[in-house]
Amino acid sequence: STLLAIGKTHSGMSSDRFWELAAEQLMRNVLVLLSLSGEPVSIANMHRVIQSLPSKPGEFEEEGWQQESYCAQLIRKRLRITRTERNMIPGNFLTN
């Protein structure tokens with residue numbers, strides 16, 4: 001990935017492909033979250049999401065993380081968008 005290559009001092013193959021693939025998957029997930037929540041896709045926003053991810057098991061369940069995390073804010077925003085879209089479908093039996 002070009003984004004991963006920025007800042008690398010060597011141009012050879014990495015000895016640990018697992019971490020490169022994991023980082024690429026993380027970036028894909030962050031891009032999807034930003035896009036689905038209607039936020040601008042930028043390096044700054046990607047960085048904000050990654051920095052605000054839970055850093056320990058179970059942290060996502062903590063009220064503090066849920067209230068203060070940029071990642072959590074985007075998830076809540078997407079859930080609101082989904083509920084609104086669902087409510088706009090005529091005769092939708094899934095509305096709450």
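For clarity, every value in this text was computed on a predicted model and none was experimentally measured.

What counts as what
Residues numbered from 1 in each chain as written. Predicted model: local features only at pLDDT ≥ 70, side-chain atom pairs only at ≥ 80, totals over all residues. Heavy atoms only, no water. Helix = DSSP H or I, 4+ residues; strand = E, 2+ residues; numbered from the N terminus. Buried < 20%, exposed > 50% of the residue type's maximum accessible area, 1.4 Å probe, protein only. Polar contact = N/O pair within 3.5 Å; in protein donor to acceptor, adjacent residues only side chain to side chain. Contact = heavy atoms within 4.5 Å. Core = buried A, V, L, I, M, F, W, Y, C linked by side-chain atoms within 4.5 Å. pLDDT = per-residue confidence, 0-100.

**Some words on the side chain of Ser69**
Mapping Ser69 onto the fold places it in the loop between α4 (63–68) and α5 (70–87). The buried category is assigned to Ser69, whose relative accessible area is 5%. Polar side-chain contacts of Ser69 include one of 3.2 Å to the backbone nitrogen of Cys71. Once you skip the residues sitting within four places of it in the chain, Ser69 turns out to touch Ser52 and Gly64.

**Observations concerning the nonpolar core**
Judged by nonpolar contacts, Met27, Val30, Leu33, Leu34, Met46, Val49, Trp65, Tyr70, Cys71, Ala72 and Leu74 together constitute the single largest core of 11 residues. Only α2 (17–36), α3 (43–51) and α5 provide two or more residues apiece to this core. Setting aside chain neighbours within four positions, we find Cys71 in contact with Leu33, Val49, Ser52, Leu53 and Trp65.

**Observations concerning the confidence of the model for the protein**
In the predicted model, the protein carries a mean pLDDT of 82, and the fraction of residues at 70 or more is 75%. By mean pLDDT, helix α1 (residues 2–5) is the weakest element of the protein at 56, and α3 is the strongest at 95.

**With respect to the environment of Ile50**
Relative to the assigned elements, Ile50 resides in helix α3. Separated by 21 residues in sequence, Ile50 and Cys71 have C-alpha atoms that sit 7.7 Å apart.

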